[in-house]
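Chain and residue survey
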Amino acid sequence: MRQKPLPFRQVHLDYHNHESLPGLGSDFDAEEFVRTLEKAHVNSITCFARCHHGMFYYESKAHPERIHPHLAERNLLRKQLEACRSREIRAPIYTSVQWDHYTAERHPEWLCVGPDGKPVTMVESGPHEPGFYRYLCLNSPYRDWLKEHTQELLTTFPNLDGLFFDIVWSVDCSCRFCRVAMADAGRDFDHREDRLAYSDTMIEGFMQEMTYLVRRHNADCTVYYNNGNIGPGRREPLSAMTHLEFDALPSDSKEGYMNFPRKARFERTLGKDWVAMTGKFHRGWGDLHSYKNQAALEYDCFQLLALGGKCLIGDQLDPSGRLDSYGYDLIGKVYAQVEEREPWCADATAVVDIGVLSPQGGSRADIGVTRILQEGGHQFNFLDSESDFSPYKVIILPDRVTLSVTLAQKLAAYIAGDGRLLASFESGLNPEKTAFALPEFGVALRPDPTLDTEGEVVRGRIIGWKQAHYADFILPQGTVGEGLPQTEHVMYTRAAEVDILPGAQMLAPVILPHFFRTAAAFSSHMHAPSSGIIGSAGIVQKDRVIYFAHAIFEQYDHFASRWCKMLVLNALKMLLPDPCLR
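Report on the accompanying structure. (Residues numbered from 1 in each chain as written. Predicted model: local features only at pLDDT ≥ 70, side-chain atom pairs only at ≥ 80, totals over all residues. Heavy atoms only, no water.)

1. Side note on the packing of aromatic side chains
Short version of the rule: Side-chain rings of Phe, Tyr and Trp (the six-membered ring for Trp) are treated as a pair once their centres are within 6.5 Å; stacked means planes under 30 degrees apart, edge-to-face means over 60, and tilted covers the remaining angles. Here the term buried applies to any residue with accessible area under 20% of the maximum for its type, exposed to any over 50%, and partly exposed to those in between, with areas from a 1.4 Å probe on protein chains only. In this analysis the charged atom, NZ for Lys or CZ for Arg, is taken to sit over a ring once it is within 6 Å of the ring centre and within 35 degrees of the ring normal.
Applying the stated criterion to the full structure yields 30 aromatic pairs. With a centroid separation of 5.3 Å and an interplanar angle of 15°, the aromatic rings of Phe56 and Tyr58 are classed as stacked. The two residues Phe56 and Tyr58 agree in class, both being buried. Counting every residue linked through ring pairs, the aromatic cluster contains Phe56, Tyr58, Trp110, Tyr142, Trp145 and Phe157. Looking at Lys310, its charged tip hangs above the ring of Phe8, at a distance of 4.7 Å from the centre. Across the ring face of Phe389, the terminal group of Lys410 is positioned such that the distance to the ring centre comes to 4.4 Å.

2. Quick word on the sheet that holds strand β6 (residues 244-247)
To be explicit about the condition: Strand pairing follows a simple DSSP-based rule, namely that at least 2 bridges must link the two strands. Secondary structure elements are taken from DSSP: a helix is a run of H or I of four residues or more, a strand is a run of E of two residues or more, and numbering for both begins at the N terminus. In this description, a line fitted to the C-alpha atoms serves as the axis of each element, helices being fitted only across the stretch in contact, and the angle between N-to-C directions of two axes falls anywhere from 0 to 180 degrees. Only heavy atoms enter the contact rule, under which two residues are in contact if any of them lie within 4.5 Å.
With parallel pairing, eight strands are arranged side by side in an open sheet as β5-β4-β3-β2-β1-β8-β7-β6. If you trace the sheet from one side to the other, it starts and ends with β5 (222-225) and β6, each paired once. Between one strand and the next, the sheet's axes are offset by a mean angle of 25°, whatever the strand orientation. Of the strand pairs in this sheet, strand β3 (residues 93-96) and strand β4 (residues 162-166) are connected by four bridges, and their pairing is parallel. Residue pairing across strands places Ser96 opposite Asp166, the latter belonging to β4. Along the sheet, helix α7 (residues 259-267) makes contact with β6 and β7 (274-279), crossing β6 at roughly 165°. Strands β7 and β8 (310-316) of the sheet are contacted by helix α8 (residues 294-306), whose axis makes an angle of about 145° with β8.

3. Points about the pairing of β4
With five of its five residues buried, β4 lies for the most part within the structure. The two faces of β4 match: Gly162, Phe164 and Asp166 on one face and Leu163 and Phe165 on the other face are all buried. Bridge analysis of β4 against β5 gives four bridges, and the strand direction is parallel. Within β5, the residue paired with Leu163 across the bridge is Val223.

4. Some points on helix α11 (residues 405-416)
The condition that has to hold: Multiply 1.5 Å by the residue count of a helix minus one, and that product is the helix's expected span. Here, the arc refers to the directions that run from the helix axis to the C-beta atoms.
Its twelve residues give α11 an end-to-end C-alpha distance of 16 Å, which sits within 8% of 16 Å, the value for a rise of 1.5 Å per residue. Looking only at α11, the buried set comprises Leu407, Ala408, Leu411, Ala412, Tyr414 and Ile415. Looking straight down α11, one finds its buried side chains confined to an arc of 160°; they lie on one side. Among the exposed residues of α11, those oriented more than 90 degrees off its buried face are Val405, Thr406, Gln409, Ala413 and Ala416. Against the buried residues of α11 lie β9 (354-357), β11 (394-397), β12 (420-424) and β19 (545-548). In the segment just after α11, Asp418 is the residue with positive phi, at about 75°.

5. Notes on the environment of Ser385
Mapped onto the elements, Ser385 comes out in the loop between β10 (380-383) and β11. When its relative accessible area of 42% is taken as the criterion, Ser385 is described as partly exposed. Sequence separation of Ser385 and Asn293 is 92 residues, and the distance between their C-alpha atoms is 39 Å.

6. Description of the environment of Leu6
Counting through the fold element by element, Leu6 comes out in the segment before β1 (9-14). What makes Leu6 buried here is its relative accessible area of 5%. For Leu6 and His243, which are 237 residues apart along the polypeptide, the C-alpha to C-alpha distance reads 8.4 Å. Beyond its immediate sequence surroundings of up to four residues, Leu6 is in contact with Arg90, Thr222, His243, Asp273, Trp274, Val275 and Lys310.

7. Some details on the nonpolar core
Which entries qualify depends on this criterion: Residues belong to one nonpolar core when they are buried, are Ala, Val, Leu, Ile, Met, Phe, Trp, Tyr or Cys, and are joined through side-chain atoms within 4.5 Å.
By size, the foremost hydrophobic cluster in this structure holds 140 residues, and its most contacted members are Phe33, Ile45, Tyr225 and Ile396. Each residue touching Ile45, except ones within four places of it in the same chain, is listed here: Val11, Leu13, Phe33, Leu37, Cys84, Ile89, Arg90, Ala91, Pro92 and Tyr328. Within the second largest apolar cluster, 35 residues are counted, among which are Leu357, Phe436, Val443 and Ala496.

8. Quick notes on the side chain of Arg143
Looking at where Arg143 falls in the secondary structure, it is placed in helix α4 (residues 142-156). Sequence-distant contacts of Arg143, that is, excluding residues within four places in its chain, are made with Leu138, Met202, Gly205, Phe206 and Glu209.

9. Focus on the packing of helix α10 (residues 364-375) against helix α13 (residues 562-575)
Each pair of packed helices can be summarised by the angle the axes make with each other and by the distance between the axes. Going by this rule: Throughout this description, any angle smaller than 35 degrees is read as roughly parallel, any larger than 145 degrees as roughly antiparallel, any in the 65 to 115 degree range as roughly perpendicular, and the remainder as oblique. Left-handed describes a crossing whose near helix is turned anticlockwise from the far helix through less than a right angle; right-handed describes the clockwise counterpart. Polarity classes work like this: nonpolar for Ala, Val, Leu, Ile, Met, Phe, Trp, Tyr, Cys and Pro, charged for Asp, Glu, Lys and Arg, and polar for all others, with Gly in that last group.
For the pair α10 and α13, the least separation of the axes is 10 Å and the interaxial angle reads 65°. The angle between α10 and α13 places the two elements in the roughly perpendicular class. As for the relative orientation of α10 and α13, their crossing is right-handed in sense. Along its contact with α10, which presents Ile372, Leu373 and Glu375, the element α13 presents Cys564, Lys565, Val568, Leu569 and Leu572. Split by residue class, the contact of α10 with α13 holds six nonpolar, no polar and two charged.

10. Concerning the sheet that holds strand β18 (residues 530-542)
Ordered in space as β10-β9-β11-β12-β19-β18-β17-β14-β15, the nine strands form an open sheet in which the pairing is mixed. Each edge of the open sheet is held by one strand with a lone partner, namely β10 and β15 (489-491). Each strand axis lies, on average, 25° off the axis of its neighbour in the sheet, ignoring direction. Across three bridges, strand β14 (residues 472-474) lies against β15 in antiparallel orientation. From the neighbouring strand, Phe473 faces β15, where its bridge partner is Val490. Set on the sheet, α10 makes contact with β9, β10 and β11; between it and β10 the angle comes to about 165°.

Here is the structure:
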């Protein structure tokens, strides 16, 4: 059966309440609830069965002790769902998985344990800290409790629209259950890599098991696991999910507004309907009685639409059970505009020229390349080694994408088939970083790279953040230097030192400083000035491949050097003279 398309105008209604909070649901009015949603143009809202505190918001027969002790409206969840169904508003159910304070307090033997023997937490969250961030292990008997809880939801609410399982993450766990299971699986729990690999496999098995349980009771509802592991090089959990949702709150991420556009440009390639979460909050989840500026909320939602996704705005229900009228007035002003644009967004497919190959887990260079391509108006997706390269006119390997034998062969075939490649710094090297994996790059790594005073290779490292001890310079020339003065421009990290192979041409050289900054020789506040002496190749072209010796995308992310952006955009103009959008 083909999954129904997700609605465009969703709300995720958090409801995390400590057991001491009074009067929960005391002011809930079903008619007012749905009227507020309709007025705000909301057509899907995720409602809570159980929160991170471990409290229930429905009449549970299996675990009545977990019903919030001050839940005045004992059928809060049921009445929310019935009210939404009466107005054809979709209403999936939320339950927490690995964060449950009630369970963590009563079953410490079910907690994930780190290699130091302490509980694994997202932030400091022990018995003396305020927080519910201790992770519960899904390899412990807690897993059976979760299955029982999920089965109760499915039988209590037989026609539910969907299930949202929150916090389902791989954790570096050394609890007794995981140690026994790893030993049985032939893995060494003394090694972190083995523990993480086992956790990935175990979490995937949990999701498949839970989805099978759901399907025994409900063939049609959506199923999503909030799993932070899906990304380049990690696709295994996808088959357990009907769609994708991901947290894109720009004010609640260290990457700010760069978090969402990178994620979206990969996850939209995976063949699933997807939605991204922003929030009506000024900062992040649980920032109660705060309101995002309308222009900021419009920017978030319109960017979601432009990249092919559906919109989801996070909110938290007041303990009283009443929706915040000002918050939904804000949401309504934005969602009214989203609704007008939906006919142009339904079943839309992104048209792109460029694929950006990202290493497993992503990299800092991904942020720099996103900034440069967005600012340059280019259309692009993020890819991993499993992606189909054939739709893309150009593939970019930003800074640190090393090539296995299989990936090198795949890229060689892509280039031979008229594909174009732009790579930088250590991208293109073999996994050992001793040599370039393909002659198509047109360069060879010098065997004697610059070392620091401790004997460590300095290339690509920001040593002395302000001073940039090992800075060198790039000299823009010809087409690749268009729009830039033909003079030395500083590059704040040492380039990969490379020589040109036959058939390649140097587009710009690396110029050395008089000396690198050490205690033996330093000048002024920062790096030494240019000596004018060519050190090695800086930008090289061989046929349809252009290679930058510097970590140019990381430099742009760290320092916003305009010359870095101009050099990349000029190189793209050479490889892609006719982009789909100007």
